[in-house]
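# Observations on chain architecture
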Amino acid sequence: MIQALLSQQIWLDVRSWRAQYADTLSPEQVSVLSVITPLTRLLEGKYGMKLDVHVHDQFVDEMNAEEAKLLKSDMHSRCLRRKVSLLCRGEVMFDAESVLPLDVLPVTLMEDLEAGKRPLADLLSDQGLSLSRSNLSITQVEDDGFYAGCWARRSVLGTSSGAALGETLGAKALVTEVFHDATWRKLTYLLNR
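Residues numbered from 1 in each chain as written. Predicted model: local features only at pLDDT ≥ 70, side-chain atom pairs only at ≥ 80, totals over all residues. Heavy atoms only, no water.

## Quick notes on empty space enclosed by the protein
- Taken as a whole and judged by the stated rule, the model has two cavities of 30 Å³ or more.
- Of the pockets and cavities examined, the second largest cavity occupies roughly 60 Å³.
- Every residue lining the second largest cavity is listed: Q3, L6, S7, N64, E66, E67, L70, R154 and L174.
- The biggest single contributor to the lining of the second largest cavity is helix α5 (residues 65-71), with three residues.
- The residue inventory of the lining of the second largest cavity, partitioned by class, reads three nonpolar, three polar and three charged. (1 Å grid on protein atoms, 1.4 Å probe; cavity = no way out; pocket = protein on both sides within 12 Å on 5 of 7 lines; lining within 4 Å. Points joined across faces, edges and corners; volume = space filled by probe spheres on them. Helix = DSSP H or I, 4+ residues; strand = E, 2+ residues; numbered from the N terminus. Nonpolar A, V, L, I, M, F, W, Y, C, P; charged D, E, K, R; others polar.)

## Observations concerning the environment of V32
- Among the structural elements, V32 can be located in helix α3 (residues 27-34).
- When its relative accessible area of 0% is taken as the criterion, V32 is described as buried.
- Those residues in contact with V32 that sit more than four places away from it in its chain are L39, L42, L43, Y47, R153, F179, W184 and L187. (Buried < 20%, exposed > 50% of the residue type's maximum accessible area, 1.4 Å probe, protein only. Contact = heavy atoms within 4.5 Å.)

## Concerning helix α8 (residues 181-192)
- The terminal C-alpha atoms of α8 lie 17 Å apart, and with 12 residues this matches the ideal 16 Å at 1.5 Å per residue to within 8%.
- Along α8, the residues that are buried comprise A182, T183, W184, K186, L187 and L190. (Expected span 1.5 Å × (residues − 1).)

## Remarks on the environment of T183
- Tracing the backbone shows T183 in helix α8.
- Sequence separation of T183 and V92 is 91 residues, and the distance between their C-alpha atoms is 8.0 Å.
- If near-sequence neighbours (up to four positions away) are discounted, T183 is found in contact with M49, M93 and F94.

Keep in mind these numbers describe shape, not what the thing actually does.
Encoded structure:
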């Protein structure tokens, strides 16, 4: 699981990360890693990168302490854990894992998630509610495994119907995304064609 694999990483909040890395990365990398609106819509709308979802696994699980803290839930609360890859023309651009507390998961969203055809942020924003992203943090994976050197980000997505900041949100999810080098190559190609 991505969440467990990256639990030992040093995560920087987006402001600190920008101050440290923005000048060393391409504008596209900074834009993608720090976007607070649905990522898939940015990639498709700005860069013309059409993404398909491949669901690897989706099951009911218990949240660990860190997930519960970020989601403001009780530790060991039941959640839906969803691991997907997002592909462009059959090539994996990034992997994502979502942790959704079951106690606030709308039935209609559960049906859409089970269908496995669309990215989570798109499904949440299509619920007719406003989408917010909080606790956005970014890291560069520092292990020698499969994701070594890849950029990753995590944030809490939530929906509300115009609720003031800090009020209880409707559906919410902790989303962690790990970007393969193919993402940056594809963006460069799309910008230069």
